[in-house]
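# Inside the fold
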Amino acid sequence: MAQISRPDGVTRDRDDLALSRIRFLTAEPVEPSRVRPAILASWRRSRDLKVAADKIELPYIRDPDTDSGLTRSAEPVLRRLHEQLDGQPMSIILTDQAGLVLSRRTADADLERHLDKVLLVPGFSYAEEFVGTNGIGTALEVGTASYVFGHEHYAEHLEDLACAGVPIHDPISGRTVGAVDLTCWRKDAGSLLLTLAKTTAEQIRQALLADSGPHELELVHAYRRTCRRLTGIVLALANDAVMLNDYARAVLTPADQAAVISQAAEAADELASVRRGPVAVRLPSGTEGRMYLQHVHVGTELAGVVVHVKLGEPESEPSGGRDLVSRMLLPGLVGHAPLWLRACHEVQTAFQASEWLAVEGEPGVGKLALLRAVQLRRQPAGRFSVLDATEAATDPNWLATVRSTLSENAGSVVIRHVDSLDNVQLRALSSALQEARAVEPVQPVWVAVTLKHTTDCSDLDRLLRLFPSTVEVPPLRLHLEDLERLVSFFLAKLGHGSQIACSPEAMRLLMRSSWPGNVEQVHQLLHRVVQHRRSGVIQPADLPPETQTVSRRLLSPLESMERDAIVQSLSDARGNKVKAAHSLGMSRATIYRKIHEYGIVGSAPEATRR
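First, a word on what this report is: a plain description of the structure on this page. (Residues numbered from 1 in each chain as written. Predicted model: local features only at pLDDT ≥ 70, side-chain atom pairs only at ≥ 80, totals over all residues. Heavy atoms only, no water.)

### With respect to the pattern of salt bridges
On inspection of all chains with the given rule, the structure shows 22 salt bridges. Between Arg427 and Asp459 there is a salt bridge, and its shortest N-O distance comes to 3.0 Å. Here the residue Arg427 occupies a position in helix 15 (residues 423–438), and Asp459 occupies one in helix 16 (residues 458–464), the gap between them amounting to 32 residues. Of the residues examined, Arg427 reaches a relative accessible area of 42% and is grouped as partly exposed. With a relative accessible area of 5%, Asp459 lands in the buried category. Within this structure, Glu75, Arg79 and Arg105 form a network of salt bridges that share partners. (Salt bridge = Lys/Arg side-chain N within 4 Å of Asp/Glu carboxyl O. Helix = DSSP H or I, 4+ residues; strand = E, 2+ residues; numbered from the N terminus. Buried < 20%, exposed > 50% of the residue type's maximum accessible area, 1.4 Å probe, protein only.)

Here's what the structure looks like:
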């Protein structure tokens, strides 16, 4: 196993982080930009739980259950990983859902002795309530993958370690049944640590699925077939289990998720012995739709029910322009691809938390449109001001305008293209933003900045420290399945009431474009088309010449998920295809083929160099 480079997320001055931890433990103020938000939140939980930072005292269970379904399914996965890491200074740890260590495999004697000293051994619990911030306990507490590096640990005896923990979910019920953690010396930690832990957790989940009974397997197979065949919300229900697809988790609030599950269970009982048909559904958010149920049997026994939900399509309203509007996640925006929905959700989350935000993405992806749509959804009567940093080069009063806008203390302020500013302008803007943040008005201003991509510029980095998180809006080539809805949406706007549509043949040509100008390029192209085709059906001959190049095809939802996983792994591996393939369990030949097939090369410039 090759040495892995230090991950971007934890590349920081070690002494700086150590000082921030000391300041936190001594009740002094901590600069939020110097500690990752997830770590700072965990430190606060640890302090509230009165966890000791200068010693490790853990409860001990003499005979933990090491013969459970989890341990039996995980054993061959962990054994193979241990063999692959033979000789590497890394420990592989399996815990139950409460953080109780069930097994530990370590190939390095020095690391093993250190883990013994800090009681990271079977029988002891590494839950956050006992140890504070750590890879195992924090991952189980927040319910998602977590890495903790060096001085980010709450307990000082763990500061020489780095660990990546990932919860393990039962493939049938979705419940958390345990966690897998990879721990190594801080000096050996790298970006692949978390990726490898995620891959291992997924392999254990697949092993749990393979070891399930016939009823559970039949239900899972039916659920997966439905996910492959249909788009939208898909869920599966059994007596004590619920499966919900990624699309449902992205577009439904927790309250809407609970309502869908409840109404699906009720409808399944009512329709168990009668003809299957659509069932009207209404969610707490006010969204309406229809629900289609499929009962799954093993022989004569009921294994469960698979449910497909179409939102925004009440039976009393025909499909068409109004239906397109009703399916909009945000006002004036369309799209259902997971990467796009994730960006929408993350921007909404930051807005609702009044957390300043940086939005990154290629030109034309819709950064400003997304911010404006969130404002319209959450505060339709609120003030929305847009300032363009490119004007600073020609307008000597631009910074004064920024200060004046920020001092008005109401609504939202978006500063576009901050990466176009020079170092002097960046420092001046940082000062203005710091001054605005220091003021505590009755209604604080919410600020977002947009940029094409982050750079190594220290002054830009200093500016971005004022913004706790960055949301990346994906280029259109990475959510190309949204193109058909975008075309329909733009034609409805550009047609000014005229009946104009795109033929399947013309749509196939549009799908083959790589769209380097992203959504804005689609809009401009259709604007040119409707200049000469004002009504009727757009044919291939109506399209400009650039649409005749670059082979593309529409991806299924499952293919989209695979593509997204490859893109994320390439990003985590800094474009190294070999490392990305390893983290995904693919051969190098397979990932090269998938990159070409899904058109990923343009999305990861560094990846093209290997």
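### Quick notes on the sheet that holds strand 4 (residues 161–169)
Read from one edge of the open sheet, five strands run 2-1-5-4-3, paired in antiparallel fashion. The two strands at the open ends of the sheet, each matched to only one other strand, are strand 2 (101–106) and strand 3 (146–149). Strand-to-strand twist across the sheet, computed as the mean angle between neighbouring axes with direction ignored, equals 15°. Where strand 1 (residues 90–96) lies against strand 2, five bridges are found, and the strand directions are antiparallel. Pairing of Ile93 across the sheet is with Arg104, part of strand 2. Across the sheet, helix 7 (residues 192–210) touches strand 1, strand 3, strand 4 and strand 5 (176–185), and the angle it forms with strand 4 is around 25°. (Pairing = 2+ DSSP bridges. Axes fitted to C-alpha atoms, helices over the stretch in contact; angles between N-to-C directions. Contact = heavy atoms within 4.5 Å.)

### A look at the sheet that holds strand 6 (residues 233–237)
Read across the open sheet, the five strands follow the order 7-6-10-9-8; overall the sheet is antiparallel. Strands at the two margins of the open sheet, each flanked by one partner only, are strand 7 (242–244) and strand 8 (279–282). The mean inter-strand angle of the sheet, taken between neighbouring strand axes irrespective of direction, is 25°. Relative to strand 7, strand 6 is paired through three bridges, and the arrangement is antiparallel. When the sheet's bridge partners are listed, Leu235 is paired in strand 7 with Leu244. Packing of helix 8 (residues 214–229) onto the sheet brings it into contact with strand 6, strand 7, strand 9 (288–298) and strand 10 (301–311), and relative to strand 10 it is tilted by some 20°.

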